[in-house]
Amino acid sequence: MRTAGVEFSGAAENIAYGYPTGTAVLTAWLNSPGHRGNIENCALTEHGVGFEGTHWTHLFITP
């Protein structure tokens, strides 16, 4: 993210491979304590999702 010029004071990411739909990957992340923790972390106030084929990335930041 820093290479892309994104400025942040805190960050986290969820990554996954092989899930055919957004619903499938979100369900998997919500069923994983670590990934769910990133999703529910109120200190991380901005987020974005990247998708290519069956590769998924969900980035979270605190500006």
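Right above here is the structure, for reference.
Reference entry: report on the structure contained in this document. Nothing here was measured: the structure is a model prediction, and the numbers come from that model.

A few words now on the packing of aromatic side chains. Throughout the structure, instances matching the rule amount to 1 aromatic pair. Both rings, one in Phe51 and one in Trp56, keep their centres 4.2 Å apart while their planes meet at 35°; by these two values the pair is tilted. Since its relative accessible area comes to 47%, Phe51 is described here as partly exposed. Look at Trp56 and you get buried, because its relative accessible area is 9%. The cationic tip of Arg2 hangs over the ring face of Phe8; the distance from NZ or CZ to the ring centre is 4.3 Å.

What counts and what doesn't
Per chain, the residues get numbers from 1 upward, laid out in the order the sequence is written. Totals for whole chains, interfaces and linings use all residues, but because this is a predicted model, local features are given only for residues with pLDDT of at least 70 and pairs of side-chain atoms are given and counted only at 80 or more. Note: side-chain values were computed over all heavy atoms of the structure, leaving out hydrogens and water. Whether two aromatic rings pair depends on their centres lying within 6.5 Å, for rings of Phe, Tyr and Trp, where Trp uses its six-membered ring; planes under 30 degrees apart make the pair stacked, over 60 edge-to-face, and the rest tilted. Each residue is placed in one exposure class: buried if its accessible area under a 1.4 Å probe, protein chains only, is under 20% of its type's maximum, exposed if it is over 50%, and partly exposed if it falls in between. Think of it as a cone above the ring: NZ of Lys or CZ of Arg counts as a charge over the ring if it is within 6 Å of the ring centre and within 35 degrees of the ring normal.

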